[in-house]
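Secondary and tertiary structure notes
As a plain string of letters, each chain reads:
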Amino acid sequence: MKMNTIAAIATAMSSSGIGIVRISGEESFQIIDRIFKGKGKRVKRLSDEKSHTIHYGFIYDGEELIDEVLVLLMRGPGSYTGEDTVEIDCHGGVLVTKKILETVLKYGARPAEPGEFTKRAFLSGRIDLTQAEAVIDVINAKNQYALKSSVSQLDGAVSKRVRALRERDDYISYCLYRIGT
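Residues numbered from 1 in each chain as written. Predicted model: local features only at pLDDT ≥ 70, side-chain atom pairs only at ≥ 80, totals over all residues. Heavy atoms only, no water.

Brief notes about the overall build of the protein
- Within the protein one finds 6 helices and 7 strands.
- Shown N-terminal to C-terminal, the secondary structure of the protein runs as helices and strands in the order β-β-α-β-β-β-β-α-β-α-α-α-α.
- Buried positions account for 39% of the 181 residues belonging to the protein.
- Partitioning the contacts of the protein with sequence separation of at least 6, the portion at a separation of at least 24 is 52%.
- Accessible area of the protein: about 11,000 Å², with a carbon and sulfur share of 56%. (Helix = DSSP H or I, 4+ residues; strand = E, 2+ residues; numbered from the N terminus. Buried < 20%, exposed > 50% of the residue type's maximum accessible area, 1.4 Å probe, protein only. Contact = heavy atoms within 4.5 Å. Areas by Shrake-Rupley, 256 points an atom, 1.4 Å probe, with all protein chains shown as cover.)

What follows is the structure, given as structure tokens:
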């Protein structure tokens with residue numbers, strides 16, 4: 001199933017030191033190639049760079065300089081969504097973060113729906129349903145116990161327990177079959 005490229009602001013919309021715009025999908029690297037320039041305004045094709053690398057430069061909309069950034073490249077399937085993913089770390093002002101997202105959308109992505117990055121991680125098999133549910137629990141945790149429980153679930157504790165129970169039930173069923181019960 002072909003999925004289009006999505007983008008969203010991945011940090012809180014407030015004045016802060018850093019803002020992150022995330023892009024995921026088949027066109028992620030083509031989009032960043034259209035808007036990123038390395039230091040000295042030299043064009044640097046990030047699509048030619050290795051996965052899991054960080055690159056310093058600037059985001060442009062045509063000739064308009066928007067911000068100084070770091071860009072993280074993650075090729076699928078080794079990303080959170082299992083797809084090619086780009087994260088743009090920019091200055092955290094509300095206006096600049098929104099302007100970078102608008103530029104990414106202008107150059108080919110569409111706005112992500114709430115939870116869509118996690119949905120894609122689930123659909124690609126990177127996480128199972130209990131881990132997908134744990135993501136929102138981590139975000140909404142109100143105390144240390146809730147956070148610890150959610151992180152454990154995100155790490156696969158529930159999935160591992162369910163798998164063990166299934167294997168045990170399969171073994172019991174096999175034994176009962178073998179003895180003719």
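From this point, things continue past the structure.
What to know about the sheet that holds strand β7 (residues 110–111)
- Within the open sheet, the 7 strands sit side by side as β3-β4-β5-β6-β2-β1-β7. Their pairing is mixed. Of all the strands in the sheet, just β3 (36–38) and β7 have a single pairing partner and so form its edges.
- As paired strands, strand β1 (residues 6–9) and β7 are joined by 2 bridges and run parallel to one another. Bridge pairing in β7 links A7 to P111.
- Across the face of the sheet, helix α1 (residues 28–35) comes into contact with β2 (18–24), β3, β4 (53–61), β5 (64–74) and β6 (85–91) while running at roughly 35 degrees to β6.
- Most of the contacts of helix α2 (residues 94–106) go to β5, to which it runs at about 75 degrees, and overall it touches β1, β2, β4, β5, β6 and β7. (Pairing = 2+ DSSP bridges. Axes fitted to C-alpha atoms, helices over the stretch in contact; angles between N-to-C directions.)

As for the pattern of salt bridges
- Under the counting rule described, the total for this entry stands at 9 salt bridges.
- Where K99 meets D61, a salt bridge forms, and the shortest distance between an N and an O atom there is 3.8 Å. Of this pair, K99 sits in helix α2 while D61 sits in strand β4, and the two are 38 residues apart along the sequence.
- D61 gets classed as buried once you look at its relative accessible area, which sits at 11%. (Salt bridge = Lys/Arg side-chain N within 4 Å of Asp/Glu carboxyl O.)

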